[in-house]
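Next come the chains, spelled out residue by residue.
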Amino acid sequence: MSAKLKIFACLVFLVAASAVYFSGFLEGKRTYVLGIIANFKGKNAQLGGESLNSFNLAYDDYRRAHPDGFELQILPVDDSWDMAKIRSAYLSIADRADLLITLTSSTNLMIIREDVLARPQLVHALIGPSTTALSGQADNMVRNIADVEQEQRQIAAFLQSQGFRKVLVALENEYNPKYTREALEKLRAHATSLEIDVAAFS
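Residues numbered from 1 in each chain as written. Predicted model: local features only at pLDDT ≥ 70, side-chain atom pairs only at ≥ 80, totals over all residues. Heavy atoms only, no water.

Draft legend 1. Spotlight on the overall build of the protein. On a plain count of helices and strands, the protein comes out with seven helices and seven strands. Walking the protein from its N terminus toward its C terminus, one meets helices and strands in the order α-β-α-β-α-β-α-α-β-β-α-β-α-β. Buried positions account for 44% of the 202 residues belonging to the protein. Relative to all contacts within the protein whose residues are 6 or more apart in sequence, the contacts with residues 24 or more apart total 67%. If you sum the accessible surface of the protein, you get close to 11000 Å²; carbon and sulfur atoms cover 55% of it. (Helix = DSSP H or I, 4+ residues; strand = E, 2+ residues; numbered from the N terminus. Buried < 20%, exposed > 50% of the residue type's maximum accessible area, 1.4 Å probe, protein only. Contact = heavy atoms within 4.5 Å. Areas by Shrake-Rupley, 256 points an atom, 1.4 Å probe, with all protein chains shown as cover.)

If you want it as structure tokens, here you go:
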């Protein structure tokens, strides 16, 4: 497990755990359920497994430091980063969790967006989705990264600052179109001095 991934996951865990703890403080709750939806069984499942291990390690560290602290039950649910599986994965855990972390794509998140918004009492920590469809909304979702508008603006600024005149974009157009298509659109909007060629693949 990379040190960067472990540190990142621990930070996410601390934010998530704090949100869970204080959301139930007035109710006197001492036990919470943290649901984690990620790719645990599909192709390229390493990140999901490493992230789950990091959450478990962070909670073990917390329990050693705070033996009288709250109890946390961590429930992992696999979506294999598969558009056909994400909604059933979400519905299997959404009404059992006090806080839900999703490590998934913009495309998958948009499939369950209405289900997420239908549970305003449940805080959702999003790791990955960057579509601008979620930006500037007063909702129950917290993201760990900039949206695709900010991301592509910075990429365009860097490319132009380096004096590039032409770039080739490899566009994956099947797995995560809600991200890739919007990202290309935003890059073209901001990189006005660049000639952009696209090689699309599935």
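Draft legend 2. Looking closely at helix α6 (residues 148–161). The terminal C-alpha atoms of α6 lie 20 Å apart, and with 14 residues this matches the ideal 20 Å at 1.5 Å per residue to within 8%. Listing the buried residues of α6 in full gives Val148, Glu149, Gln152, Ala156 and Leu159. Burial along α6 is one-sided: seen end-on, the buried residues are contained in an arc of 100 degrees. Counted as exposed and oriented over 90 degrees from the buried face of α6: Gln154 and Ser161. Just beyond α6, the residue with positive phi is Gly163, at close to 85 degrees. (Expected span 1.5 Å × (residues − 1). Arc of directions from axis to C-beta.)

Draft legend 3. View of the pairing of strand β1 (residues 31–38). In terms of burial, β1 is a largely internal element, seven of the eight residues being buried. In the sheet, β1 pairs with strand β2 (residues 71–78) via eight bridges, with the strands oriented parallel. If you follow Thr31 over to β2, its bridge partner there is Glu71. Since β1 and β2 lie parallel, the crossover through helix α2 (residues 46–65) that links them has a hand, and here it is right-handed. Relative to strand β3 (residues 99–103), β1 is paired through four bridges, and the arrangement is parallel. In the sheet register, Leu34 faces β3, and the bridge partner there is Leu99. (Pairing = 2+ DSSP bridges. Right-handed = clockwise from strand over helix to strand, strands pointing away.)

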